[in-house]
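# Results of the structural survey
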Amino acid sequence: MHGFNSIAELSTALTSQRYLMDEGLATVVYLAIRLGKPLLVEGEPGVGKTELAKALASATGVPLIRLQCYEGIDVHQALYDWDYPRQLLQLRAGGHTPLYSEEFLLRRPLLEALAQPNAVLLIDELDRADDEFEAFLLEFLSDFQVTIPEIGVVRAPQPPIVIITSNRTRDLHEALKRRCLYHWIDHPDLQREVAIARARLPHVGQSLVDQICSFVQDLRWLDLYRSPGVGETLDWVQAFHELGHHQLDARTASSTLGTLLKERDDLERIRAGDLDAAVARSVQRAQEFRQRNYLR
Amino acid sequence: MRLGAPQSSPDQAVMLAAVKLARALREFGLSASVDAEHTFIRGLAEIDVRDRTQMYWTGHATFVHSPDQHPIFDAIFERFWEGRPLILEEAGSEHGESDARMQGSHHGGEALPQFGGEGKKKTAVDGDRNRGERDIPSAESEDGASHQERGVLAAWSDQEILSRRENLEYQEDELLALRLLAKEIKRQAPARRSRRAHASPAGHRFDVRQTVRSSLETDGEAFRLGFSAPTMRPRRLLFLCDVSGSMERYSRVLLASLGAAVGAARRAEAFVFATRLTRLTKSLDGRDLEQALDKARAAIPDWSGGTRIGYALSEFNSTYGRRGYARGAIVIVVSDGWDRGDPKILEDEVRRLQLQARRLVWINPRPMSVDQQPLAIGMRAAMPYIDDFVPGHDPRAVAGLAQLIGGLASDRPARRIVPARPTGP
């Protein structure tokens, strides 16, 4: 049962799953659960949209059902299909089970989510699917029921928690947005990013985490083609750790920068810049940051 | 002083405030439907309405549907929270009876000004401030640079200067021609294979589903084998059109053609640029072409300004491009390549654009040979990264565009790998 009685309770539950959210996101997720509305989250790649659904599922102890969208996805991949080979065998063997019964029904993610008494349904990257699929989803999301011609109406005993993510490669239909709560996830600020990194990588030294996070924070201010997400920050911390470094230094930074930045232009730009100064600045800022937090 | 006390319980005061907030948001172009209002009010019951953050995010989640609506919501919520009048008309009227502050204390919201009625505040809203607020949706209307460069670039435009808005009315026969163009583009648009398959006796993929279905009638004996073939769907067309001073004489028709294309191809996107980039797809989308063109014209802030193709493309690449608007699309740039910016930037951005696009087509209305004009510097910088270069195509020959699109190859062009940047001093 996914009952949270307050926003704080929800926050704590997700924190125990090492998913740290700011107050805004916590409020919206809480509302989505309480009001039984789907939650549409958008944001830059790597801010933890998909991770949210995963953390929510493990925090509430219910299965996560994931539907990855792509161009051309249709009912047979999203909702249900019939197990044709088995039907054919049954026909040839002269069995008596009706061919279009539950027994030969293959549940795809959406139907699975309706059948489960409790579930978190993640509809990932909906913007990749076609408009027709979105229209179909509309029906599903408003009533949490679907009609299978051969069987009848399937209704969820209790609507699942639905998280929809989109990278905004196209505008989703207004009608769909109206049915959802909406939230835009931003990159975390220094405080939060440090907290996330510490929670995720507890075995790594604190000063390294602080320094790398403040370096990444600076990078996000530059107008890069592809700003690093939290996932990449974690990778970079991990890279330093694996190489046996406990401090951020310009040489290792330069050689491992590919973990953080995935665009050639960005890489060249950072390497061509004054990396020493940037690293020194980050180290300095990390120290200030630590002192401030220590005093608090 | 407690006017109408029985019916205005504190909850009602909160509700009333919610409705007012929604109304104000609607006024500024957010789609705060009755549904959303309802959700908002239900949401308020779940949270602590005295907490600004929680209130803010509840409103945000229900009324805001995209990041660009964020600043509008912010501004209005700010006013709402401080209990200031949200809309001019509301400043001195109605709901005088629902001053929630007079009510009992069992609810959280009564002490807050935003849930109080506004009837007692008779102060008229300052005219200037109100005008300022109405400007919120188009915050960056300042653009001095675009006008300074105009003379230089428009110099060789010896013919009709059509950029003045009153001259842009379209005639009935022109609109007819555009509708024909739309039809033609629809017919001619390059296709891509979709993942979806449809039943087709001529197809090459064995279709189990169909075969089983048909063999049900014959007691499981598969007399007829079903086959399917992949469905073809129109490939996305992405137009990036130059409407700067040097392109002035084409702009009018160009815009109209864009309108036709967006109306025709279900997945067409239209952007125009001079000094900066404007997305027109939304303005152009609609049943009525004439209306759509009107809207689009109004949406272009730097009509006939100077050109900074590099910056405009950079803007595209780092916003829409990053989100995948150009992925797998046929990207059609219409520009003469006259660029006031740094050719290096232009080169970099065109290269980035090409890497995302299925094919990058550049239509240059300037014929290369006439008056032996050398290519514009910008054009020369962009050349190595263009898959199809179409020089001397006059966008005013409307019918030609459809033919051109129809003639474009849709397959992946052979590209040589170009080094990111020539290294050197």
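Residues numbered from 1 in each chain as written. Chains lettered and ligands numbered in written order. Predicted model: local features only at pLDDT ≥ 70, side-chain atom pairs only at ≥ 80, totals over all residues.

### Here we look at the overall build of chain A
Of the regular secondary structure elements, chain A holds 14 helices and nine strands. Relative to its full complement of 296 residues, chain A shows a buried share of 36%. Contacts spanning at least 24 positions in sequence make up 76% of the contacts within chain A whose residues lie at least 6 apart. (Helix = DSSP H or I, 4+ residues; strand = E, 2+ residues; numbered from the N terminus. Buried ≥ 20, exposed ≤ 12 C-beta atoms within 10 Å, placed from the backbone. Contact = placed C-beta atoms within 7 Å.)

### Let's talk about the overall build of chain B
Helices and strands together make up the secondary structure of chain B, namely 16 helices and nine strands. By residue count, 41% of the 425 residues in chain B fall in the buried class. Considering only contacts in chain B between residues 6 or more positions apart, those separated by 24 or more positions represent 77%.

### What about helix 1 (residues 7-16) of chain A?
Here helix 1 of chain A has its buried residues at Ile7, Leu10, Ser11 and Leu14 of chain A. Summarising the axial view, the buried residues of helix 1 of chain A lie within an arc of 100°, below the 170-degree limit, and thus occupy one face. The exposed residues of helix 1 of chain A that point more than 90 degrees off its buried face are Ala8 and Ser16 of chain A. Structurally, helix 1 of chain A contributes buried residues whose contacts are with helix 2 (23-35) and helix 3 (49-60) of chain A together with helix 3 (52-63) of chain B. (Arc of directions from axis to C-beta.)

### Some points on the interface of chain A and chain B
By convention, interface size is frequently given as the accessible area that disappears when the constituent parts associate. With 34 residues of chain A at the interface, the matching set in chain B holds 33 residues. Only helix 2, helix 5 (84-93), helix 8 (174-179), strand 9 (181-185) and helix 13 (264-272) of chain A provide two or more residues apiece to the side of chain A that touches chain B. With seven residues, the single largest contributor to the side of chain A that touches chain B is helix 2 of chain A. For the side of chain A that touches chain B, a count of residues per class yields 13 nonpolar, seven polar and 14 charged. (Nonpolar A, V, L, I, M, F, W, Y, C, P; charged D, E, K, R; others polar.)

### Concerning the nonpolar core
Among the nonpolar cores identified, the biggest contains 101 residues, and Leu39 and Ile163 of chain A are the most heavily contacted of them. No other element matches the eight residues that helix 1 (residues 10-27) of chain B contributes to this core. Aside from chain neighbours lying at most four places away, what touches Leu39 of chain A is Val28, Val29, Ala32, Val162, Ile163, Ile164, Cys180, Leu181 and His183 of chain A. Core analysis: the second largest hydrophobic core is formed by 67 residues, Ala182, Val243, Ala274 and Val333 of chain B among them. (Core = buried A, V, L, I, M, F, W, Y, C linked by C-beta atoms within 7 Å.)

### Things to note about the confidence of the model for chain B
All names here are of chain B. Per-residue confidence for chain B averages 70 on the pLDDT scale, and 68% of its residues sit at or above 70. When pLDDT is averaged over each helix and strand of chain B, the minimum, 27, is found for helix 7 (residues 150-154) and the maximum, 91, for helix 3. Across the assembled chains, the prediction reports ipTM 0.81 with pTM 0.69. (pLDDT = per-residue confidence, 0-100.)

### A closer look at helix 3 of chain B
Helical geometry note: an α-helix holds 3.6 residues per turn, so side chains three or four residues apart project in the same direction. All names here are of chain B. End to end, helix 3 covers 16 Å across twelve residues, agreeing with the expected 16 Å (1.5 Å per residue, within 8%). Counting buried positions along helix 3 gives nine out of twelve residues, so the element sits mostly inside the fold. Those residues of helix 3 lying buried are Gln54, Met55, Trp57, Thr58, Gly59, His60, Ala61, Thr62 and Phe63. (Expected span 1.5 Å × (residues − 1).)

### Concerning the packing of helix 8 (residues 172-188) of chain B against helix 10 (residues 248-264) of chain B
Residue and element names in this part refer to chain B. At a minimum axis separation of 8 Å, helix 8 and helix 10 run at an interaxial angle of 45°. The pairing of helix 8 with helix 10 is recorded here as oblique in orientation. Helix 8 and helix 10 meet at a crossing whose hand is right-handed. Contact with helix 8, carried on its side by Leu178, Leu181, Ala182, Lys183, Ile185 and Lys186, involves Ala256, Ser257, Gly259, Ala260, Ala261, Gly263 and Ala264 of helix 10 and no other residues of that element. Taken together, the residues of the contact of helix 8 with helix 10 break down into eight nonpolar, three polar and two charged. (Axes fitted to C-alpha atoms, helices over the stretch in contact; angles between N-to-C directions. Parallel < 35°, antiparallel > 145°, perpendicular 65-115°, else oblique. Left-handed = near helix turned anticlockwise from the far one by under 90°.)

### A few points about the environment of Thr39 of chain B
Within the secondary structure layout, Thr39 of chain B lies in helix 2 (residues 34-46). Separated by 24 residues in the primary sequence, Thr39 of chain B and Phe63 of chain B have C-alpha atoms spaced 9.5 Å apart. Every residue in contact with Thr39 of chain B, bar those within four places of it in the chain, is listed here: Leu35 and Lys37 of chain A together with Thr62 of chain B.

### What to know about the packing of helix 9 (residues 190-200) of chain A against helix 10 (residues 206-221) of chain A
Residue and element names in this part refer to chain A. With their axes 9 Å apart at the nearest point, helix 9 and helix 10 run at an angle of 135° to one another. Between helix 9 and helix 10, the crossing angle belongs to the class labelled oblique. Both helix 9 and helix 10 take part in a crossing whose hand is right-handed. Residues Leu190, Glu193, Val194, Ala197 and Arg198 of helix 9 form the contact with helix 10, whose own contacting residues are Gln206, Val209, Asp210, Cys213, Ser214 and Gln217.

### Observations regarding the sheet that holds strand 3 (residues 227-234) of chain B
Residue and element names in this part refer to chain B. A sheet is described by the order of its strands in space; here three strands give the open sequence 1-3-2, paired in antiparallel fashion. Single-partner strands in this sheet number two, and they are strand 1 (191-199) and strand 2 (205-206). Of the strand pairs in this sheet, strand 2 and strand 3 are connected by two bridges, and their pairing is antiparallel. Across the sheet, residue Arg205 finds its bridge partner in strand 3, namely Ser228. (Pairing = 2+ DSSP bridges.)

### Some words on the sheet that holds strand 9 of chain A
Residues and elements named next belong to chain A. Spatially, 2-5-8-1-9 is the arrangement adopted by the five strands of the open sheet, whose pairing is parallel. On the outer flanks of this sheet lie strand 2 (64-68) and strand 9, each paired with one strand and no other. Across this sheet, the average inter-strand angle for adjacent strands is 20°, counted without regard to direction. Pairing analysis gives five bridges linking strand 1 (residues 39-43) to strand 9, with the strands arranged parallel. Residue pairing for strand 9: Gly43 is matched across the bridge by Ile185. Sheet contacts for helix 2: strand 1, strand 8 (161-166) and strand 9; angle to strand 9, the most-contacted strand, approximately 155°.

### A closer look at unusual backbone geometry
Phi at Arg18 of chain A takes a positive value of approximately 65°, unusual for a residue other than glycine. Position of Arg18 of chain A relative to the elements: it lies in the loop between helix 1 and helix 2.

### A look at the environment of Arg213 of chain B
Within the secondary structure, Arg213 of chain B sits in helix 9 (residues 208-215). For the pair formed by Arg213 of chain B and Gly226 of chain B, sequence separation is 13 residues and the distance between their alpha carbons is 9.3 Å.

### What to know about the pairing of strand 3 of chain B
Within a regular beta strand, the side chains point alternately toward one face of the sheet and then the other, so they alternate between its two faces. Two elements, strand 1 of chain B and strand 3 of chain B, share six bridges in a ladder whose sense is antiparallel. Opposite Ala191 of chain B, over in strand 3 of chain B, you have Pro234 of chain B as the bridge partner.

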